[in-house]
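Close look at the chain arrangement
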Amino acid sequence: MASKKIFLSEDEIPRQWYNILADIKMNPPLGPDGNPIGPDSLAPVFPMNLIEQEVSTERWITIPDEVLDVLTVWRPSPLVRARGLEKALGTPAHIYYKNESVSPPGSHKPNTAVAQAYYNKEFGIKKITTETGAGQWGSALAYACAQFGLECKVFMVRVSFDQKPYRKTMMAAWGGICIPSPSDQTKAGREALAKDPDTPGSLGIAISEAIESAVTDETGQTRYSLGSVLNHVMLHQTIIGLEAKKQLEKVGEYPDIIIGCAGGGSNFAGLSFPFVYDKINGRQIDIYPVEPMGCPTMTKAPFVYDHGDTARYTPLLPMHSLGHAFVPPPFHAGGLRYHGMAPTVSQLICEGVIEPRSVSQLKTFEAGITFARSEGIIPAPESNHAIAAVIEEANKAREEGREKVILFNLSGHGLLDLNGYERFFAGELSDIALSDDEIKAAETVFAEFPKPQVLKHG
Ligand SMILES: *Cc1c(COP(=O)(O)O)cnc(C)c1O
């Protein structure tokens, strides 16, 4: 029987991360005065060892043994040939997915959470603050902090806090503290509540609260951690794509198409960047990040300098942005409700190396159900965005009669997102799209900022 799951042994786990900054040119982050910031200005927020990774242009960065020791609890993750889905669609395409749902918190996020907790610990930090949307990142960081004996405090976007109570329980099980955002514990939170006491919250506001609570901590031993967007987060996630490459080699395949959902860009980047390297060096691959129509950062928003958070604590980052004050409508893929996009992913969009797409909410849940019935795993609502695009490509391959190899990232399972599925079955979900006027209005916040240059690799 032809194999379904392609495993690597623990000995075959990648020992180095791939750093795409070695291969593309980037606009620098800017400080409040409009000048590029130096590493020192980030020191109150992140430990210096992670800041060094953030700005490094070394192509390969060694993964510390202590990090590998924790990652091997579930890594290398399986690469699965989705034969059930292929059959259900009647497609000649070969569909493979990296199953990142097998980690203890159930998503790709601990790949960076574990690395970040390790580097914070190494630097002498005692406590990490962060934000979380759907709760995936908060639970991943709480898990990682528990592995290294660190305290963890999580500001969770209000709408998800109410919709996903069990994520909070997971954080508690790993010893983390989780509070709804906006909260009255920070200036940023109090301002957001004063503006709109009933706000569903947003990642932008929660990031502001988490940064503020780290930098105002009097012990000096608290730092902030971000679960996506930044260069070092993309770096840590490349273990996914590096494993996938080795696994595909074992069965003599190479992807024609690579797909990942994108909120801040990290699971997409993690899978695709090692292949982007090949594409920059001449290989032909179609690479698609997929986002919700309700938060169309890559497909509708311009490439600008903007803040990563609502209270404007972060430097100006060169990225696609709907505006730092934008509060996305409360659709169910909480992990994709972010106004910006990773600068590295944004840069590759500008260069035409990757081609973003968007899908509507109903289509994503339909895709998730098709996957659950044919493959068994109930995917996270975020991952459903990738699956919707995979189904489109597999159908196209059927119409064209072509045996395309499609690789995608199953970024997480949906067992704590059943509320969303329940509402889908009850017919309570609708397609949420933004009008051009709403997008224009949200974008006024960065009109005054400097504009990034158009750069090209090579
Ligand atoms: C957080 C999350 C995402 C989105 O974040 P990225 O940084 O874009 O990967 C996607 N899928 C799942 C399951 C998540 O938890």
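Overview of the structure. (Residues numbered from 1 in each chain as written. Predicted model: local features only at pLDDT ≥ 70, side-chain atom pairs only at ≥ 80, totals over all residues. Heavy atoms only, no water.)

**Considering the site of the ligand**
Near the ligand you find 17 residues, and of these Lys 109, Ser 228, Gly 263, Ser 266 and Ser 411 are the closest. A distance of 2.7 Å separates a nitrogen atom of the ligand from a polar atom in the side chain of Ser 411. Here the residues of the shell around the ligand sort into four nonpolar, 11 polar and two charged. (Near = heavy atom within 4 Å. Polar contact = N/O pair within 3.5 Å; in protein donor to acceptor, adjacent residues only side chain to side chain. Nonpolar A, V, L, I, M, F, W, Y, C, P; charged D, E, K, R; others polar.)

**Comments concerning the pattern of salt bridges**
In total, this model carries 16 salt bridges according to the counting rule given. Salt-bridge contacts for Glu 243 lead to Arg 75; the nearest nitrogen and oxygen are separated by 2.9 Å. Here the residue Glu 243 occupies a position in helix α10 (residues 231–250), and Arg 75 occupies one in the loop between α2 (65–71) and β4 (79–81), the gap between them amounting to 168 residues. For the pair Glu 243 and Arg 75, a shared accessibility class is recorded, and that class is buried. Between Glu 393 and Arg 357 there is a salt bridge, and its shortest N-O distance comes to 2.3 Å. In this pair, Glu 393 sits in helix α15 (residues 381–400) while Arg 357 sits in strand β14 (residues 357–359), placing the two residues 36 residues apart along the sequence. For the pair Glu 393 and Arg 357, one class covers both residues: buried. Each member of the salt-bridge network shares a partner with another, and the members are Arg 357, Lys 363, Glu 392, Glu 393 and Lys 396. (Salt bridge = Lys/Arg side-chain N within 4 Å of Asp/Glu carboxyl O. Helix = DSSP H or I, 4+ residues; strand = E, 2+ residues; numbered from the N terminus. Buried < 20%, exposed > 50% of the residue type's maximum accessible area, 1.4 Å probe, protein only.)

**Observations regarding the pairing of strand β7 (residues 151–157)**
Of all seven residues in β7, six are buried, a share of seventy percent or more. Two elements, strand β6 (residues 127–132) and β7, share six bridges in a ladder whose sense is parallel. Its bridge partner lying in β7, Lys 127 is registered against Glu 151. When β7 meets strand β8 (residues 177–181), the two strands line up parallel, connected through five bridges. Paired with Phe 155 across the two strands is Ile 179, which belongs to β8. (Pairing = 2+ DSSP bridges.)

**So, the sheet that holds strand β9 (residues 222–224)**
Reading across the sheet, the four strands line up as β8-β7-β6-β9 and stay open at both edges, with parallel pairing between neighbours. The strands lining the two open edges of the sheet, one partner per strand, are β8 and β9. Strand-to-strand twist in this sheet, taken as the mean axis angle between neighbours without regard to direction, amounts to 25 degrees. The pairing of β6 with β9 spans three bridges and is parallel. (Axes fitted to C-alpha atoms, helices over the stretch in contact; angles between N-to-C directions.)

**Thoughts on the environment of Val 251**
Summarising the element assignment, Val 251 is placed in the loop between α10 and β10 (257–261). For Val 251, a relative accessible area of 33% corresponds to the partly exposed category. Sequence separation of Val 251 and Ile 6 is 245 residues, and the distance between their C-alpha atoms is 8.1 Å.

**So, the packing of helix α11 (residues 266–280) against helix α13 (residues 343–350)**
Between α11 and α13, whose axes approach to 11 Å, the crossing angle comes to 50 degrees. As judged from the angle between their axes, α11 and α13 are oblique. You can see that α11 and α13 cross each other, and the crossing is left-handed. Within the contact between the two elements, α11 uses Phe 268, Ala 269, Phe 273 and Val 276 and α13 uses Thr 344, Val 345 and Leu 348. (Parallel < 35°, antiparallel > 145°, perpendicular 65-115°, else oblique. Left-handed = near helix turned anticlockwise from the far one by under 90°. Contact = heavy atoms within 4.5 Å.)

**Some remarks on the side chain of His 94**
The topology assignment puts His 94 in strand β5 (residues 94–99). Judged by relative accessible area, which is 15%, His 94 ranks as buried. One polar contact links His 94 to Arg 81, side chain to side chain, over a distance of 3.5 Å.

**A closer look at a negative patch on the surface**
Residues Asp 65, Glu 66, Asp 69 and Glu 122 make up a contiguous surface patch of negative charge. Take the negative patch: its biggest share by element is three residues, from α2. Turning to its location among the elements, Glu 66 is positioned in helix α2. (Patch = residues over 30% accessible without salt bridge, like charges linked within 9 Å, V, L, I, M, F, W, Y side chains within 5 Å. Areas by Shrake-Rupley, 256 points an atom, 1.4 Å probe, with all protein chains shown as cover. Lys, Arg positive; Asp, Glu negative; His and termini not counted. Charge placed at Lys NZ, Arg CZ, Asp CG, Glu CD.)

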